[in-house]
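Architecture at a glance
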Amino acid sequence: MADDAHSLFGRPATRIDGPAKVTGAARYASDEPVPNPAYAVLVTSTIARGRILTIHLDAARAVRGVQDILTHENVGAEAKPPAQMDGGPTTTTLETEQVWHDGQIIAVVVADTFEAASEAASSVRVDYAAETPSATFDSAGAETELAREQGKPKDGPKVGDAETAFAAAPVKIDARYSTPTQHHNPIELFTTTCVWDGPTLTIYEGSQSMYGLKANVAEQLGIDPSRVRTVSHYVGGAFGSRGGTTSRTAWIAIAARRLNRPVKLVATRDQGFTIATYRAETRQRVRLGATRDGKLTAFSHEGWEVTSRPSGYNVSGVDTTARMYACPNIASQVSVVHADRNTPGFMRAPPDTPYMFALESAMDELAYALAMDPIELRRLNDTQTDPVSGKPYSSRSLMKCFDQAAEKFGWKSRNPAPRSMRDGDWLIGWGCATSCYPSNIGPAAIRIALSPDGHALVQLAAHEIGTGAYTTVGLTVAHALGLDLKNVQVMLGDSALPPVTVAGGSNNAATTVSVAVKACEQARSRLAIAAVADMASPFHGFDPMSLKLEDGSLIGPGGAREGLDKAIGRVGGGVLEIHAENVPDGLPPTALQGLYKGRAAMSRGNARKDVTAYAFGAHFVEVRVHRLTRETRATRVVSAFASGTIVNPLTAYSQYMGGTIWGLSSALHEATEIDRGAARYVNDNLADYLIPVNADIPDLEVILVQEDDDRVNPLGVKGIGEIGIVGMNAAVANAVFHATGVRLRDLPVRPEKLL
Ligand code: MOS
């Protein structure tokens, strides 16, 4: 099956939802028309720690058009806080007088117009019993503890005796790195629209988990999940911020129920910084021990991550870094630091982005300590075996990526000495780093209806978060059923459709394409089995496996063919309906029942029994740093990635490129600044939170490296959504070192750090 399946893919197709998106016909959640909506505006806390004493609502209630104001006093008991990704309690709540962080939702004002709701929200006054908050690392009162998982201390990978090996190593690197708080800032704001129809609730909200959102909100409201439907046909960026359920959704549902009227919330940009999740700041220490010729003998990686007071959320990227290179002695450990902050969460390649910065910077430092080319250092320590588990990589084309990208970049002509390359007042630096991302796949179900006229309707509750999901699913079905892509209609983003696991961990393509191929194979085999059994058919007596669906026909060996109308007519009913489910290897069959109940199971590439499955890549960056001002510009990027089977090279290219650009942004621009006294985000808007504009993005080349992998999953699809960002931060910092001789171990790159 794998070979056939591979041949289905690889032809580029433009997005089938492209015209809808560019003409504005595509409806994002808050675009859905609902009858006579009331508008909700959030009131958020202005302290980061303490209690609400009194909420004064008189002035707000006096605003014309105000219908209702929800606070912990009048609806506190009506909803449970949503389940958090780590199972811990949530912070952004409305159910008690407790304030966990700045910007916490403390009231929801509902009015006939958005303007009235906004005016009323701004007239709410609150008396607090405020306490001094702890903002982050080194703040008084911040509490450090070892990371835990389901209540138990979580062990990072360990092999051999890293301590002793490090002490004995002839060449050593011992360095500390840090990465900042960052926010996703998807262009689509955080919105929720709730409509009750009798006992049934419809929620329009951009989400990466239609069934997860449905199950979580039902649980919060104490109603049966069958009474909740979630709809999100298009998502205007998510990057992890819409993977979990936040508390606002249940409150809007309650507001709509109290008023018996649809309620719509479009939260503001600054509220998005505190009512959803973010990438927490980290500190890390990496120790590398090596022989004089560059073989790693010891690797130790410690991490510290900021989280909220009650939650133990952590990303623990040592699970990735410990597996990157051959090394007989490995130690790792992650701690969390509790502060008075909202709970962090997934943000694009959550573990790998910050932790690979530390590892790939340290590898560059080691290359300099050894006077060795950084590519050759990685080649020397490359491995086809996961050094933690001893299992083989399903496939690993890391050095192929380095070699192809290095060639395109012209790495050979690099003078390795820092400050050796110049163009007038600009110091030029070239750096590189490894990129990687675990290959994950989840359970899914699908329904396909194939009509006699050669049209297919494909339905599954997968998620279009900007990645091109409509197109990859449509292409797969078109190829597998022998139809024209324009005759395949794909429906996604609705919990009334068969469930698909959360669109996270770059699993979407592998998950949806696998279940789609399974359904198409069922369709083909039902038509084929009926056809070979039919004495009147041209296929009578053929092996059903020899029949194919192509060009809108059933085709047999020797040119026997018949139209779909005949083939489908034979199996009865006007339309051939297929319902298929897929549980990938490595997950228990119960994952499917869990899926229907909204539990997002995933087979993780770094936690499998048989193999370790990662996609790999290599980034090459040229920076120019001004000799005097230290202005830093990325001027050239070449990145190469090998991620198994590519379903659609066009959308794959755009994912890689987008990820790579975000990697540059993450290194050179993005940081959420925190007022340490108030534990408050300062630059909570798109004017002050720096993101690149076109002029910041240089010539950028992406190479799709050919890779076949029949062990990762039957179709060989590894996933590409997150790998682009990983390692880019280190490649930039390594290039900055080459340009200036200054080793930046603290992101983002800022001129003042280079003086
Ligand atoms: Mo992604 S951060 O796994 O949505």
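Look above for the structure.
Computed from a predicted model, the values in this text were never measured in an experiment. (Residues numbered from 1 in each chain as written. Predicted model: local features only at pLDDT ≥ 70, side-chain atom pairs only at ≥ 80, totals over all residues. Heavy atoms only, no water.)

Side note on the packing of helix α7 (residues 210-221) against helix α8 (residues 248-259)
Across the interface, α7 lies against α8 with an axial gap of 10 Å and an inter-helix angle of 60°. Viewed along their axes, α7 and α8 adopt a mutual orientation that is oblique. Here α7 runs over α8; the crossing is right-handed. Facing Leu213, Val217, Gln220 and Leu221 of α7, the residues of α8 in contact are Thr249, Ala250, Ala253 and Ile254. (Axes fitted to C-alpha atoms, helices over the stretch in contact; angles between N-to-C directions. Helix = DSSP H or I, 4+ residues; strand = E, 2+ residues; numbered from the N terminus. Parallel < 35°, antiparallel > 145°, perpendicular 65-115°, else oblique. Left-handed = near helix turned anticlockwise from the far one by under 90°. Contact = heavy atoms within 4.5 Å.)

A closer look at helix α5 (residues 114-122)
The complete set of buried residues in α5 reads Ala116, Ala117, Ala120 and Ala121. Considered in projection along α5, the buried side chains sweep an arc of 130° and stay on one side of the axis. Seen from the open side of α5, the exposed residues pointing more than 90 degrees away from its buried face are Glu115 and Ser122. Packing partners of the buried residues in α5 comprise β1 (38-44), α3 (58-61), β3 (66-71) and β5 (105-111). (Buried < 20%, exposed > 50% of the residue type's maximum accessible area, 1.4 Å probe, protein only. Arc of directions from axis to C-beta.)

Some details on the sheet that holds strand β21 (residues 456-459)
The strand order across the open sheet formed by four strands is β22-β21-β20-β26, and the pairing between neighbours is mixed. Only two strands of the sheet have a single neighbouring strand rather than two, namely β22 (488-491) and β26 (576-582). Within the sheet, the average angular offset between the axes of one strand and its neighbour, ignoring direction, is 15°. Along the sheet, helix α14 (residues 469-481) makes contact with β20 (444-450), β21 and β22, crossing β22 at roughly 140°. Along the sheet face, helix α15 (residues 508-533) touches β20 and β26 and points at about 140° away from the line of β26. (Pairing = 2+ DSSP bridges.)

Things to note about the packing of aromatic side chains
On inspection of all chains with the given rule, the structure shows 18 aromatic pairs. Arranged with centres 4.8 Å apart and planes meeting at 80°, the rings of Phe239 and Trp662 form a pair that is edge-to-face. Here Phe239, found in the loop between β13 (228-231) and α8, pairs with Trp662, found in helix α18 (residues 649-668); they are 423 residues apart in sequence, far enough to count as distant. Residue Phe239 is classed as partly exposed on the basis of its relative accessible area of 29%. Taking the relative accessible area as the measure of exposure, Trp662 reaches 10% and is therefore buried. Judged by centre distance (4.8 Å) and plane angle (75°), the ring pair of Tyr368 and Phe737 falls under edge-to-face. (Phe/Tyr/Trp six-rings, centres within 6.5 Å; stacked < 30°, edge-to-face > 60°.)

Quick notes on the side chain of Glu32
Along the chain, the position of Glu32 falls in the loop between α2 (18-23) and β1. Judged by its relative accessible area of 9%, Glu32 falls in the buried class. In terms of polar contacts, Glu32 uses its side chain to reach the side chain of His233, at 3.4 Å. Discounting chain neighbours no more than four positions away, the residues touching Glu32 are Arg27, Tyr204, Val231, His233 and Lys264. (Polar contact = N/O pair within 3.5 Å; in protein donor to acceptor, adjacent residues only side chain to side chain.)

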